[in-house]
Amino acid sequence: QPELPVVVITGDGEMLMGLGSLATIGVQQPTNLTVVVIDNERYGETGMQQTHTAHGVDLAGVARSCGLKVVEFKDLASAIHKQPGPHFAAIKVDAEKIPLVLPPREGALLKARFRRALLGEQADAE
């Protein structure tokens, strides 16, 4: 969607396992892309083991060195809608062990649920 802002929301564990994606984004420089990492310093899906961010790895620093513009949480909305990217934000949150519930894998269901979450009732009309 080159004409629309695109926001990727992921966790620190997933980002650490896919650091090459930051290098690719840095090379491609998609101006409409923002990557937001929710960093609880844990691998939630495999038992809450600490990630490397709990030991000082700086994901924002990695993103910056790859050519992404690092923004603070308070500036995120403005960056997404008013400034060319690519942007990166790491948001630290408390680690909370919650029951592991695997999401459905049905693509059409996931797409519809996501659209309803973003667009509300308008999603069903389109």
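Nothing here was measured: the structure is a model prediction, and the numbers come from that model.

*Asks:* I tried to follow the pattern of salt bridges on my own but got confused; where do I start?
*Replies:* Once the charged atoms of two side chains with opposite charge are near each other, the side chains can pair. Applying the stated criterion to the full structure yields three salt bridges. Lys92 serves as the salt-bridge partner of Glu41, at 2.7 Å between the closest nitrogen and oxygen. In this pair, Glu41 is assigned in the loop between strand S2 (33–39) and strand S3 (42–43) and Lys92 in strand S6 (residues 87–92), connecting sequence segments 51 residues apart. The closest approach of N and O atoms between Lys74 and Asp75, which form a salt bridge, is 3.2 Å.

*Asks:* In this structure, what is going on with the sheet that holds strand S5 (residues 69–70)? I would like to understand it.
*Replies:* Within a sheet, adjacent strands bond to each other through the backbone by hydrogen bonds, running parallel or antiparallel. Strand order in the open sheet formed by four strands is S1-S2-S6-S5, and the pairing between neighbours is parallel. Both edges of this open sheet fall to strand S1 (6–11) and S5, since each of them pairs with a single strand only. Relative to S2, S1 runs parallel, the two sharing six bridges. Within S2, the position partnered with Val7 by the bridge is Thr34.

*Asks:* It is not clear to me how helix H2 (residues 20–28) should be interpreted in this structure. Could you clarify?
*Replies:* Residues spaced three or four apart along an α-helix point in a common direction, a consequence of the helix completing one turn every 3.6 residues. All buried positions along H2 are accounted for by Leu22, Ile25 and Gly26. What you see down the axis of H2 is that its buried residues fit within an arc of 100°, all on one side. Counted as exposed and oriented over 90 degrees from the buried face of H2: Val27 and Gln28. Contacts made by the buried residues of H2 are with helix H1 (12–17), S2, helix H3 (59–65) and S6. Directly after H2, the chain includes Gln29, whose backbone phi takes a positive value near 50°.

What counts, and where the lines are drawn
Residues numbered from 1 in each chain as written. Predicted model: local features only at pLDDT ≥ 70, side-chain atom pairs only at ≥ 80, totals over all residues. Heavy atoms only, no water. Salt bridge = Lys/Arg side-chain N within 4 Å of Asp/Glu carboxyl O. Helix = DSSP H or I, 4+ residues; strand = E, 2+ residues; numbered from the N terminus. Pairing = 2+ DSSP bridges. Buried < 20%, exposed > 50% of the residue type's maximum accessible area, 1.4 Å probe, protein only. Arc of directions from axis to C-beta. Contact = heavy atoms within 4.5 Å.

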